[in-house]
Amino acid sequence: MGMETPVRTPGDGGRGPTAPSGTLGGPTVPRLAPAEVFAELDTSPRGLASTDVAGRRDRFGFNELPQARRRGLWRDLAGQFTDLFAVVLLVASAITFLAYGLQQPRDVGTLQLAVAILGVVVLNAAIGFAQEYSAERTAESLQAMVPHTCRVLRDGERQELPARDLVPGDVVVLEAGDAVPADCRLTEAHEVRANNAALTGESDAVGRTAEPVGAGPVLEARNCVFMGTDIAAGSAKAVVFATGAATEFGHIFRLAAAAPRQKTPLQLQVASMARRVAGAALAIGAALFAVRVPTGQPFVETFVFALGVMVALVPEGLPATLSVSLAIGVRRMARRHALVKQLLAVEALGSTTVVCTDKTGTLTQAEMTVVQVWAGGEPHAVSGVGYGPVGEVSDPRPVRALLRAAGLCCNARLVPPSDREGRRILGDTTEGALLVVAAKAGLDLAAEEAAAPRVAEFPFDSTRKLMSTVHADTGGRYHAYVKGAPQELLARCSAIDWSGERRPLTAELRAAVITANDELASQGLRVLAAAWRPLADSRPAQDEVESELTLLGLVGMLDPPRPEVSDAVNACRRAGIRIVMVTGDHPLTAEAVARRVGIVREAAPAIVTGTQLDELGENGLDSLLDESGELLLCRVSPEHKMRVVTALQRRGEVVAVTGDGANDAPALKHADIGVAMGASGTDVAREAAVMVLLDDSFASITTAVRLGRSVYQNIRKFLIYLFSHNIAELVPILAATFAGFPLVPITAVQILAIDLGSDVLPALALGAEPPEPDVMDRPPRARQERLFSTAVMGRVLFLGGIQALGVTAVFFWHIHGSGIPYSDFTKDEPVYREAITMVQAGIVVSQFFNALAVRTDRQSVFRIGLLSNPWLLAGGGFGIALMAAISYLPPLQDVFNTAPLAAADWAVLAGFGALLLAAEETRKWWLRRHRPGNRKEGER
Ligand code: ATP
């Protein structure tokens, strides 16, 4: 390799000694003509020879950026101790230590409490830290599931490779919607516009050329595109000159700090609720203190007691439990092919009311096969399925000109079969089908292309719905081949090829074409037309190329629906989610497909085209969307999609929208849930979306909605579970205070043992409950509905009330049963120790039953199976075992001031727990019987 060129090697230019990447060619690259660029970078228009790659890889490393430096672990850990709860608890602990120091005589219980509060802080910090760390890892591993690939020419062959494998000198093929994989100099550019916002901040896409430019900063060179930016329109070939950390983006990337993690509205809601509860706990603590001091209780003890109650009522673990349950949702979705990039989406998914879906690839398999060709007024059947070469055109001769034109006007490539898989398509599947049918008609497109090489291209875009290429033949003449949506193309044709004869396109012939098109479309086929015209020169304007054309014929391709979609569509119907199909395709094709998958069942659904949408205006669009019937939007462009999303949101809908093209990005960003296609979508769409479907299937959206709903329900479940037992802790204390009993029915250390010992695992297990069977049989949750609704509050009071009643009764029954007067009770009195043990065990046992009770909203828990969440049973079992240890093990008896319980005591408590479950079952039965129609989430 002739390497006289200035070469920046690793460690060069002050870019850090470890930078495993480099740049070739230096700042001169923009000033050279394309042919010189190839020489400068020691490569060729056919790309690198694969034998060259290893050497360059050794020299420049992989095309990847060094891992962004994570915030230091220590700083993360320290951060856990500085949040509001931690500070409050640390202060409380310090005061308790101080109180212990001031006590005369010193009570070891105070010391225990101070240590316990400190323990709470440490434990909480550990959980929070572990959770954040694992969330970060999850995010990283999810990112890795969508590999960034690019198209590269090597040895003259087009290949799809991970972007990481690029080396300087590689020739890449870029199309609209591609993320630019490295810093590249364009050598061929067709109507290219690049979106440099990520690099330069300018929001409008800028035009790019392959022509040399004058001296100036590389970043401003109009013939270069840079890593981190993307191609907004057009198509291009370009040579890589800088990779990895040596790219312009690499420089910025190193300077940028890791972006702060954002909290979702749900997390904010829970945090604010937790703060309010903490405020209430503080008030209750203060009130208890104020009530007990005048009754002659020792000052310091009462203060410590009030502080303990306050600490016990603070829902410390709540935000962490919430994050865990959101993270579980994310992981479950990933397992079902839906990658969620932001926790926000998990939450929004649960309240989705409308899904605007594409057709190709999402509802269908995107495996296009041409089944009919129409030319010269005659249909011709094509046999064979898929991309394999098996099959033939019934009469290939009259359709050759049509298929040659359509085939030459394609950017996709057929990849020969390998050991691992059969023949597949690189690029657009619609074009792939055209290449296959051309082969079936006996055309050798490679030879055709060699005889008439392409000299210009006007790439496909979904607003224009056309694509054109210009070719030079051996006689020095130029020809344009145009393919696209029949309506658009027909409007630009003035003649038609009728069995080899060029005829003017009369109204009659035009009508014949439209009839043929409608016939194909009503079978659910995607129809493309192709046309041709001679040209005077090699650099015509687009308008000239795409006018005065001669229509060659129509091609109808079948794209079978995905088998799983019908069920998913039905599930959406039951779940009250409206599906609006938004497609660039013909109305008849769209309707046929929509009927096949069940989106359309009515005899006359509303079918509105892009042109009609334009005429409607905002008010018209609003009233169109107000009608609740089935709606298909056809022949629309991405701009229409954006308008529809905005209009739906104006009506208060929570909108999920799918998209795959570069122009879909605004709609994806604007929607509540932008859904991009992982398999077929463009990089730009994936970037803009919050959810990426690995399998592109509509069914995965439905699954994600189902999981999203269940996450929200699960959060409610553990909120009810956690808050109801707070009532059971508080009520006996209040009762004792007001009854004039000198001691507390449950101590602060006992409460902490429940909150941080026996309650944590069941709460986490509730956060991981599988979706309830009827989760998709209800309408979506209202967007403005608060997590802590009156209905939820009602359940907290109902369940907590029963628990509170039970444990208060158990306590006073014990105390009164002994016949000892209130004033004679001391802390060491065995009856008192037994009574407080009963209270603690009563809460633990009833919480076990409570956890089972909150698993369903309306259904009987016996229907979903008592054993169907083994983690919950294990967590509950652990809580009871811990309680038994506290009751029976002498060292723990000392700490908690507890006593061993008799078997009969446990039996009483279990009976009381069963009573709670029975009461809950009765309430649910009553609801099912008397309010069967009332299925609104907030009212369950
Ligand atoms: P769908 O909802 O089926 O995914 P879409 O909204 O993605 O459709 P587009 O890809 O924008 O639709 O295509 C719109 C129309 O443009 C198609 O019906 C077809 O007639 C035409 N078309 C699609 N792909 C190409 C292409 N590569 N070249 C020329 N025309 C095309």
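Our subject in this report is the structure included herewith. Here the structure is a predicted model, which means the values were calculated and not measured. (Residues numbered from 1 in each chain as written. Predicted model: local features only at pLDDT ≥ 70, side-chain atom pairs only at ≥ 80, totals over all residues. Heavy atoms only, no water.)

**Details of the state of the cysteines**
Moving on, step 1. Evaluation of the coordinates by the stated rule reveals zero disulfides.
Moving on, step 2. Here C184 stays unpaired: no disulfide links it, and the sulfur of C150, its closest cysteine neighbor, is 8.6 Å away.
Moving on, step 3. The cysteine C410 is free of any disulfide, with C409 supplying the nearest cysteine sulfur at 6.4 Å.
Moving on, step 4. C410 sits in the buried class, given a relative accessible area of 2%. (Disulfide = S-S within 2.5 Å. Buried < 20%, exposed > 50% of the residue type's maximum accessible area, 1.4 Å probe, protein only.)

**Brief notes about the nonpolar core**
Soluble globular proteins: nonpolar side chains tend toward being buried together.
Moving on, step 1. Residues L318, M691, F698, I715 and F811 are the most contacted members of the largest nonpolar core, which totals 131 residues.
Moving on, step 2. It is helix α24 (residues 698–739) that provides the largest number of residues to this core, a total of 19 residues.
Moving on, step 3. A domain-level breakdown of this core finds at least three residues from each of domain 1 (74–137 + 262–345 + 703–771 + 786–930) and domain 2 (346–364 + 563–702).
Moving on, step 4. Setting aside residues up to four positions removed in sequence, F698 forms contacts with V355, T357, T362, L363, V565, A568, V569, C572 and I579.
Moving on, step 5. Residues A405, A433, L434 and V436 belong to the second largest nonpolar core, which totals 33 residues. (Core = buried A, V, L, I, M, F, W, Y, C linked by side-chain atoms within 4.5 Å. Helix = DSSP H or I, 4+ residues; strand = E, 2+ residues; numbered from the N terminus. Domains from an automatic or database assignment. Contact = heavy atoms within 4.5 Å.)

**Side note on the site of the ligand**
Moving on, step 1. Of all residues adjacent to the ligand, which total 19 residues, the nearest are K359, T360, D428, S462 and G584.
Moving on, step 2. A distance of 3.1 Å separates an oxygen atom of the ligand from a polar side-chain atom of R526.
Moving on, step 3. The separation between an oxygen atom of the ligand and a polar side-chain atom of T583 is 2.9 Å.
Moving on, step 4. Burial of the ligand by the protein amounts to 91% of the accessible area it has alone, namely 630 Å².
Moving on, step 5. When contributions to the shell around the ligand are tallied by element, the ones reaching two or more residues are β18 (478–484) and β21 (526–535).
Moving on, step 6. Examining the composition of the shell around the ligand, we find that three residues originate from one element, β21, more than from any other.
Moving on, step 7. Of the residues contributing to the shell around the ligand, the split by class is six nonpolar, five polar and eight charged. (Near = heavy atom within 4 Å. Polar contact = N/O pair within 3.5 Å; in protein donor to acceptor, adjacent residues only side chain to side chain. Areas by Shrake-Rupley, 256 points an atom, 1.4 Å probe, with all protein chains shown as cover. Nonpolar A, V, L, I, M, F, W, Y, C, P; charged D, E, K, R; others polar.)

**Focus: the sheet that holds strand β27 (residues 673–677)**
Moving on, step 1. Within the open sheet, the eight strands sit side by side as β10-β28-β27-β26-β11-β23-β25-β24. Their pairing is mixed. The two strands at the open ends of the sheet, each matched to only one other strand, are β10 (338–340) and β24 (606–609). Going across the sheet, the axis of each strand differs from the next one's by a mean of 20 degrees, ignoring polarity.
Moving on, step 2. Note that β27 and strand β28 (residues 691–693) share three bridges and pair parallel. Paired with M677 across the two strands is L693, which belongs to β28.
Moving on, step 3. Across the sheet, α24 lies against β10, β11 (354–357), β23 (578–582), β26 (655–659), β27 and β28, angled at about 135 degrees from β28, the strand it touches most. (Pairing = 2+ DSSP bridges. Axes fitted to C-alpha atoms, helices over the stretch in contact; angles between N-to-C directions.)

**Structural notes on the environment of V291**
Moving on, step 1. In this fold, V291 is placed in helix α8 (residues 265–292).
Moving on, step 2. On the basis of relative accessibility, which here comes to 34%, the residue V291 falls in the partly exposed class.
Moving on, step 3. In this structure, the C-alpha to C-alpha distance between V291 and A194, residues 97 residues apart in sequence, is 71 Å.
Moving on, step 4. Those residues in contact with V291 that lie beyond four places of it in its chain are T737 and F738.

**Describing the packing of aromatic side chains**
Moving on, step 1. Under the counting rule described, the total for this entry stands at seven aromatic pairs.
Moving on, step 2. Summarising the aromatic geometry, the rings of F741 and F811 are spaced 5.5 Å apart at their centres and angled 90 degrees between planes, so their arrangement reads as edge-to-face. One end of the pair, F741, is in the loop between α24 and α25 (748–758); the other, F811, is in helix α27 (residues 790–817), with 70 residues separating them in the sequence. The burial state of F741 is the same as that of F811; both residues are buried.
Moving on, step 3. Aromatic side chains F811 and F812 sit 5.2 Å apart centroid to centroid with 85 degrees between the ring planes, which places their arrangement in the edge-to-face category. Of the two residues examined, F811 and F812, each falls in the buried class.
Moving on, step 4. Members of the aromatic cluster, joined through ring pairs, are F741, F811, F812, Y822, F825 and Y832.
Moving on, step 5. Its guanidinium or amino end placed over the ring of F62, R164 lies 3.7 Å from that ring's centre, counting from NZ or CZ.
Moving on, step 6. Residue placement shows R781 over the ring face of Y712; its charged tip is 3.4 Å from the ring centre. (Phe/Tyr/Trp six-rings, centres within 6.5 Å; stacked < 30°, edge-to-face > 60°. Lys NZ or Arg CZ within 6 Å of the ring centre and 35° of its normal.)

**Some words on the pairing of strand β22 (residues 549–558)**
Moving on, step 1. Taking burial as the measure, the 10 residues of β22 include nine buried ones, the bulk of the element.
Moving on, step 2. Both strand β12 (residues 369–375) and β22 contribute to a ladder of five bridges, which runs antiparallel. Note on β22: the bridge partner recorded for V373 is V555.
Moving on, step 3. Pairing of strand β19 (residues 493–498) with β22 involves three bridges; the strand directions are parallel.

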